[in-house]
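The primary structure of each chain is shown beneath.
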Amino acid sequence: MVSPKSDNILYVASKRHGLCEVNVINGKVATLCRIPVDSRPVDLAGGGRYLWFSTTSGLVKYDLMTNDAVTLRFDKNDRFSLSDDYIHVALPDRKGGLWVGTAHGGADYWSPQQDVFRKYYQTSDGEALTGCVVSDFAQDDEENLWIATEREGLLRHKKNGGKVSRYHSDDLPTRINAICFDNGMLWIGYHQGLCRLDIKTGSVRYFSDFRESLGGMDNRVLDIFRTA
């Protein structure tokens, strides 16, 4: 990801070297913090003064001002800790908080004011999210949070709402890898391609199988990124 301070600096998540800073002008690489040898990087996000480095052994919180790194983990004796060590994705929101998607413990929300993790273990209809990968997050123009999962489909947490609810649609896949919001549309990547949800009308458009134009390529869409 590009540094918020300079377009000439990139931050890279590496299994061998951990969190690294790359100067694209002179090619120099600096290691900011390492991860355990039995761990691997999963995701990297930036929000304000922090970098959030998701790994299979916890969430690394790196302070760009002090250069301090703290690894946040699940603690069975602390009900305000993360719900799982395997962190799949992290998304800073517009209030300075952080949404965390885990591989086994549902979704967590970190508030900088309280400095604790609030856990979302199940949907409003009682379906458990434990053991269900929370694969991605996206925030729309009204600050509602959309949650992609690899078993329970698309979920939604309304602004100022207390629970996570299921988005009911027979037209959407239940196994979702990635989502991205843009101009009223939620782009959805899944194991067989790409579709787009109009969040106002509920209409869904599926895009053609990639094999039709690209000759046998893998149809799994694992990430979606909106350029500037």
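Above this note sits the structure.
Below or above, wherever it landed, is the structure these notes cover. A quick note: this is a predicted structure, and the numbers were derived from the prediction, not measured.

## Description of the overall build of the chain
Summing up its helical and strand segments, the chain has 1 helix and 19 strands in all. The C-alpha radius of gyration of the chain comes to 18 Å, within 12% of the 17 Å expected for a compact globule of 228 residues. With the C-alpha coordinates of the chain rotated into their principal frame, the extents come out at 45 × 45 × 35 Å. In the structure as shown, the chain presents an accessible area of about 12,500 Å², 47% of it carried by carbon and sulfur atoms. Each charge class in the chain can be summarised by its mean position, and for the 28 positive and 30 negative side chains these summaries are 3 Å apart.

## Observations concerning the pairing of strand β1 (residues 9-14)
Where β1 and strand β2 (residues 18-23) come together, 6 bridges link them in antiparallel fashion. What sits directly across from I9, in β2, is N23.

## Considering the pattern of salt bridges
Following the criterion strictly, the structure yields 5 salt bridges and no others. We note a salt bridge from E152 to R151, for which the minimum N-O separation is 2.9 Å. Since its relative accessible area comes to 13%, E152 is described here as buried. For R166, the salt bridge goes to E152, with nearest N and O atoms at 3.0 Å. Of this pair, R166 sits in strand β15 (residues 165-166) while E152 is found in the loop between β13 (145-149) and β14 (154-157), placing the two residues 14 residues apart along the sequence. An identical accessibility class is assigned to R166 and E152; each is buried. Salt bridges here are not isolated pairs; linked through shared partners, they connect R151, E152 and R166.

## A word on the side chain of S83
Position of S83 relative to the elements: it lies in the loop between β7 (69-72) and β8 (87-92). We classify S83 as buried; its relative accessible area is 11%. Reaching out from S83, the side chain makes a polar contact with the backbone oxygen of G105 at a distance of 2.9 Å. Residues in contact with S83, not counting those within four places in the same chain, are F74, T102, G105, D108, K119 and Y121.

## Re the pairing of β7
Bridging between strand β6 (residues 58-63) and β7 involves 4 bridges; their strand directions are antiparallel. Bridge pairing in β7 places K61 opposite V70. Where β6 folds back on β7, the antiparallel hairpin that results is connected by 5 residues, among which N67 adopts a positive phi of roughly 65°.

So, how was this worked out
- Residues numbered from 1 in each chain as written.
- Predicted model: local features only at pLDDT ≥ 70, side-chain atom pairs only at ≥ 80, totals over all residues.
- Heavy atoms only, no water.
- Helix = DSSP H or I, 4+ residues; strand = E, 2+ residues; numbered from the N terminus.
- Rg over C-alpha atoms; globule rule 2.2 N^0.38 Å.
- Areas by Shrake-Rupley, 256 points an atom, 1.4 Å probe, with all protein chains shown as cover.
- Lys, Arg positive; Asp, Glu negative; His and termini not counted.
- Charge placed at Lys NZ, Arg CZ, Asp CG, Glu CD.
- Pairing = 2+ DSSP bridges.
- Salt bridge = Lys/Arg side-chain N within 4 Å of Asp/Glu carboxyl O.
- Buried < 20%, exposed > 50% of the residue type's maximum accessible area, 1.4 Å probe, protein only.
- Polar contact = N/O pair within 3.5 Å; in protein donor to acceptor, adjacent residues only side chain to side chain.
- Contact = heavy atoms within 4.5 Å.

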